[in-house]
Structures are given as C-alpha cells and as structure tokens.
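# Survey of secondary and tertiary structure
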Amino acid sequence: MDMMKKAYSARYFDILEKRKNLPVWVHKEEFLQTLKENQIVLLVGETGSGKTTQIPQFVLEAVLNENPSSGPKGKKWLVGCTQPRRVAAMSVSRRVAEEMDVEIGEEVGYTVRFEDCSSSKTVLKYLTDGMLLREAMADPLLGRYKVIVLDEAHERTLASDLLLGLLKQTLISRPDLKLVVMSANLEADKFHKYFIGVPLIKVPGRLHPVEILYTREPERDYLEAAISTVIQIHMCEPPGDVLVFLTGEEEIEDACRKIISKLGDQVKVVPLYSTLPPAMQQKIFDPTPQAVRKIIVSTNIAETSLTIDGIVYVVDPGFSKQKLYHPDTRVESLLVSPISQASADQRAGRAGRTQPGKCFRLYTQKSFNELEKQSYAEILRSNLANTVLTLKRLGVKNLVRFDLMDAPAPETLARALDDLYHLGALDDDCNLTKTGEMMSEFPLDPQMAKMLIVSPQFNCSNEILSISAMLSVSNCFIRPRGEAQKAADEAKSSFAHIDGDHLTLLNVFHAFLQNNQDSDWCYEKFINYRAMKSAVSVREQLVRIMSRFQIKLCSPGFNSQDYYVNIRKALLAGYFMQVAHLERTGHYLTFRDKDDQVVHLHPSNCLDHKPEWVVYNEYVFTSRNFIRTVTYIRGEWLVDVAPHYYKLANFPNSEAKRVLQKHYKKRKLSEEKSCKLYLLR
DNA sequence: GAGCACTGC
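Residues numbered from 1 in each chain as written. Chains lettered and ligands numbered in written order. Predicted model: local features only at pLDDT ≥ 70, side-chain atom pairs only at ≥ 80, totals over all residues. Heavy atoms only, no water.

For chain A, an unreviewed UniProt entry supplies the name RNA helicase and the organism Arabidopsis arenosa.

### A look at the sheet that holds strand β8 (residues 200-203)
Short version of the rule: Two strands are counted as paired when DSSP detects at least two bridges linking them. Helix numbers and strand numbers start at the N terminus; a helix is a DSSP run of H or I with at least 4 residues, a strand a run of E with at least 2. All axes are obtained by fitting lines to C-alpha atoms, using only the stretch in contact for helices, and the reported angles, taken between N-to-C directions, cover 0 to 180 degrees.
Taken in spatial order, the 8 strands line up as β4-β3-β5-β2-β6-β7-β1-β8 in an open sheet, and their pairing is mixed. Both edges of this open sheet fall to β4 (115-117) and β8, since each of them pairs with a single strand only. Adjacent strand axes in the sheet meet at a mean angle of 20°, parallel and antiparallel pairs treated alike. Here strand β3 (residues 108-112) runs beside strand β5 (residues 124-128); their pairing, made up of 4 bridges, is parallel.

### Section: the protein's contact with DNA strand B
Heads up, the condition is: Proximity is defined per residue: if any heavy atom of the residue lies within 4 Å of a molecule or strand, that residue is considered near it. Pairs of N or O atoms within 3.5 Å make up the polar contacts considered here, provided that, within protein, one atom can donate a hydrogen while the other can accept it, and that residues adjacent in sequence are counted only when both atoms are side-chain atoms. Only Asp, Glu, Lys and Arg are considered charged, only Ala, Val, Leu, Ile, Met, Phe, Trp, Tyr, Cys and Pro nonpolar, and every remaining residue, Gly among them, polar.
Close to DNA strand B lie 30 residues, the nearest being Arg 86, Ser 274, Lys 321, Ser 623 and Arg 628. Per the 4 Å cut-off to the protein, sugar and phosphate atoms form 56% of the nearby atoms of DNA strand B. With respect to DNA strand B, the side chain of Asn 475 contributes an N or O atom lying 2.8 Å from a base nitrogen. Looking at the surface near DNA strand B, the elements with two or more residues in it are α6 (129-138), β14 (319-326) and β21 (625-633). Take the surface near DNA strand B: its biggest share by element is 3 residues, from α6. Considering only residue class, the surface near DNA strand B consists of 10 nonpolar, 11 polar and 9 charged.

### Brief notes about the UniProt feature "domain: Helicase C-terminal" (unreviewed entry) in chain A
So the rule is basically this: UniProt positions are given in the numbering used here, feature names are shortened, and annotations may be inferred rather than shown by experiment.
According to UniProt, the feature "domain: Helicase C-terminal" (unreviewed entry) maps to residues 229-395 in the numbering used here. With 33% helix and 26% strand, the stretch residues 229-395 has end C-alpha atoms that lie 54 Å from each other.

### Considerations on the nonpolar core
This is how the line gets drawn: The definition of a nonpolar core used throughout is a set of buried Ala, Val, Leu, Ile, Met, Phe, Trp, Tyr and Cys residues joined through side-chain atoms within 4.5 Å. The rule is simple: take the accessible area with a 1.4 Å probe, protein chains only, and divide by the maximum for that residue type; under 20% is buried, over 50% is exposed, in between is partly exposed. Here a residue-residue contact requires only that any non-hydrogen atoms of the pair lie within 4.5 Å.
If you look at the biggest cluster of nonpolar residues, it comprises 112 residues, and the most contacted ones within it are Leu 179, Phe 195, Phe 442, Cys 476, Met 532 and Tyr 646. For Phe 442, the contacting residues outside a window of four places in its chain are Arg 134, Ala 449, Leu 452, Ile 453, Leu 542, Ile 545, Met 546 and Ile 551. Core analysis: the second largest hydrophobic core is formed by 38 residues, Leu 16, Ile 55, Val 108 and Ile 201 among them.

### Remarks on the environment of Arg 361
Assignment of secondary structure puts Arg 361 in strand β16 (residues 357-361). Sequence spacing of Arg 361 and Val 615 is 254 residues, and the spatial spacing of their C-alpha atoms is 45 Å. With residues near it in sequence (within four places) discarded, Arg 361 still touches Ile 212, Leu 213, Tyr 214, Thr 215, Asp 316, Ala 344, Asp 345, Ala 348 and Phe 368.

### Quick look at helix α3 (residues 28-37)
Helical periodicity: at 3.6 residues per turn, an α-helix aligns residues three or four positions apart in one direction. The criterion, for reference: Taking the helix axis as origin, the arc is that swept by the directions to the C-beta atoms.
When we look at burial in α3, the residues that qualify are Lys 28, Phe 31, Leu 32, Thr 34 and Leu 35. End-on view of α3: buried residues confined to an arc of 165°, all on one side of the axis. Facing away from the buried side of α3, by more than 90 degrees, are the exposed residues Glu 29, Lys 36 and Glu 37.

Structure, rendered in structure tokens:
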C-alpha cells in the first residue's frame, strides 16, 4: 500500500516511541496471533492501556498484510471501530491519524451524525455505535468491513447491545468478517456465556493506586455527608483537586453554594453537568493558583464522558440518576438509585490518573458488597418501540429468538409491538409494512416518524418538520435562577401560543430563522442558541430523508383559518396514543386501550386554560405524573384521525369514552362518503 | 406551579 511505503516524518517516529510504551504493546503479538486464529476476540483493557487508539491500528496492519488493497466493487476494505459517544469517535480518530502520519479523513476517518469525515481512501474508520447500526440497516452484512472493533462494550448502550446480537448472526454468514469486543471491566462470566469459547486477552491499565475509604455507618443524608467530606479533605489532606459525584443540576448548584459558603476563596468550586454551557464546562480545565484547591462537583458525566487530570480525591456518595421504563404505564422516569460496583470502581479510578489518590465512599464496605456488579443494560430500562422497529428493519424475524446479552422483559416487547402495530408499522403477522420501512429510516421515535410521513395529508409537512426538530433537541428555554427568572418567563411568554406548547415551539423556531439565527437574539430572548442550531441541523437531515421518499413539503397558507388546526390534527396523526381527557373531577386521565392514569399538565405549559382534550409529547414521573409539551385538540378529531385505534371496545369505561362514543354517533349520522381514512396502513 | 442522569441516529 502507498500508505505503508510513504516516508514518515520525524514526528511519526517520535510518537511511535511513545506508543510502544503503552501497556497494550506488550500484548501486540499475542493479540495478532489470536485474531489470526479466531473470528472473535475479547479484550479487556483498563483505563490507560491504550486499547482504543492502538488495537484498531494493530488490526489494520494485519488486514493490510493479508488482503489485497481493494474490497468488493473496487472499494477498499474497512476496519471499523465503534464508540458510544461522538466526541470520542472524532477525537480518537484525529489522534490515530496523527500517529499514522496521515490527514484525518483520508486513510483514517470518522463518521458521526451530521458529519462524515471519511473518503474512498479510508481504511480505518471510527464511528458511533448508532452510526454502524444505521449502516447495517442499508447493508445487513456490513460488506465493506473486514474487521469490526466494538469498543466500550461494558457500557452496554442500546446500540452496542444490538450490534453484538446482529454481528453474532452476521459472522455466521460472513466467515471472512472478524470481531474484536473491547471493554474496560468486562464481566467475564457474562461475556463468556454470550461468546462461548472465545479467547480473552487481558491488558493491565496504567493507573496509580487509589486508596478506598468506606464509612463505618451508612450516611443518612448523602448530600450533607458529601459536603462535610469535601471540607474535611480540604482541612486535612495534602494538595490535590477533588471530584465529587452528585446526581443532578439542582443538587450540584446547591452543593457548590454550600461549599463556597464554608470554604470561601481557599477553594475554587466548579459545577459540571451536561446542560451547562460549553464555556462553563471548560472551567474545569482552568488552572488554579498554587494554594487554591479545585473542587469539581459533577454528575455522571465525569464518570464516562469527560476525563479530568489532576484529580487526587474522589468523593462518591454512591448514587446517580437512572432512567427506568415501566411497560405497564409506559412511563419513563428518572430515579436516584444506587450505582453498581463497576461504576463505583470507575469513579474511584478517576483519583489515580496522575498520582496515587484516595476515594471516599460515603457508604459501608458491606453496602458496597451488596451493590449490583454491573449497571443494568440500557435495553432493560427503555421503551423499545424504536429498537423493535430497527430490528425488524434489520431483517430479524423472531425477536424473542434474537440473541441479546440481556433479554428485555416480555411486557416491554409486547408494548413495543403493540404500539408499532397501531402506528401501522407492522401488519397482523408482525411484518414490517411499507410505512414501517419508511419510519425506520427516520432518526426519530416511531410516533414522530409517522407524524412526518402523514403530514402532507394535512398540508403542513414544513411545520411538522420544524416541530419535530424542536422536539428532538434539548429544551430551548433557558430559565436562570434568581433575578433573571422573571425576565426569562416574560421572554418565553412572548412566544407562547395559547393552543399549546408544540405551536409555541414552532413560533420559537420561526422567530429564530427570522432573526437570522442570531446568537445575540437568543441571549436576549433566553433561548438556548446551541439547541436552536442543532434543531436547524436536525431539520435539514429530516428534509433529506423526506425528499428521498418523495414526501411532499408543504404548508397551509399562513393566513388560512385552518393553519393551526391542520398542524394540531397532524400532531394527532402520530401521537394519537398520547392523549389525555379532562374529567369532571378536574383531573386529566390518559386515554389508552386497557389503561388510564391520572396525570397533571406540566407547569411549563403555555395553555391559557385547561382544554377538554390534549395531545402530549412525553409522560414523565418526577414529583407527580406529568404530561409535558401539550397541545389542545378536539375530541372529534380522534374519531377522524385514528378510528382504527379508537375502537373503544378495549377501553376502560370513563367519561372520555362516553364523550368519544357521542362523537362516533354524531359522525355516523352525518356520515357521507367523504369519510376519509387519514392513516395509511 | 416544576425541572433536565447520560448518550445516540
């Protein structure tokens, strides 16, 4: 290969010497020999082993030695390496390109959503696990790949679990394809049961020792305990920065204030969580004066996504917020829960990156022993409607027999199938319909994809595109604490549409475009500029998918009386299963087959009254059962838009049911042949 | 009248 014959720069040899010092190099020959003799290899490499940057290069070397330079149809073979996060895919590939003395995007590249930095020359490609899953949808045999390296498998993300299951099948029909599964703290038993007889290579990491300290008694209040531990560390321990793990934004801001009030400017206290603006996140890397100790108070983001050097002390109360899904009620909730032993060890390891450190666990050794070994895989804690759609699209006939490391609860699968059936994505035999196939191409939840696909029937696909984009990104309304709060609320109310939050989001999106996507305008209006920019990118991507399927882009005339009515009906065409009815008791009840629940309008809503019927975007359980992002709809629309769903025989007796029955009667009376079925099956 | 653990397509 040209690449191999090229004269290398001095810098290349300089870096090569450093690379050879990484722990993983000791195992290079062993790894290559094992890969030669096996189709699958498991590799456990702790933090600092160099596995993410080096193993794919070893693999590439082996592939290039054994294969001619071109693959199918004259295209080059690829070695792919998946990462759970896009930032990692991008930064690691840059690093590797540098190590190999090539330009990024040429021989070494990456592909993440919204950005493909690879070319026909690319032979080593880093990509997010979700991206490889998308590629598999277009080509289930992943024909261009010679070897796939699945990194961070221990994180058990939904996409990586699905890839494992899929690759297990693919490897049978593609004996020439190889798989390397890499992880930090592989639960050897579990992976060995999943990959029977597969060789395992262990590479030590390069961490300094971390002393673990437990409390003698369980702590009653972990927040107070965390704060007093920080103070104690500051008073009694030698210099070194502190990292405290807490569960959420509010808790973190609260803790920061309390630490500052106790220690003043002897310390520099920095909060860290994902919704913090990037400039604020950057502060964790600011150097501090010699005598000042840095104290970082962080969510789980510092456990996996962000690495901070210089931490010597870790304070670990043992909790994090975790997503849970209840298939019976179809509610996703965020619950403060005990972490796993693997998480606790990961947290402790953050103290030993630059020198020996200490980890203060605010629980007893006995409690630690009682924690789960590993965190629950994401697939066990999620609504699986989208996952099932993906699997169907990948050609999986029998979902129950699809070999996953952790099988989801049967109820969760049943719910997902049920929802997809009602959306017209699956037929009576559980096969993917044409609509379902289209839906699977959208990087959206099935309801939203369905809403987009049918939106031209309501003559408002342009508006539904904008609303979908806004719903796909994080909350665009900034609401600071303190004095600015009132101003923020006023700014928000200037966008409010009294018929509902979806329409309010549309107003914000239009206003953002009208103001030329100006960041200063966002600042004045308390709008999150980043969220808006990403809504614009999402919308562009959705438009491309729409045009691929030749779905018409259209708008009702803005002055038309039906402008908002059409949009609200289109919302319902996707979200007809997420409707609530105001009962005479003054409470809303969700209205679904076989189940109803008391819910409350989330206080962030923009409605000026409580309408009889609402459609909602999400159902969240926090302090109460809330429905968030709600829009006023009319009961008779349910009968028009989703008659196949609202057959009522399966619905529990309720006020809502009686109201709907009246609508059906009325419709029957005035029934003409113009009765339109809006939903294509 | 209340929040947004973290990702990803």
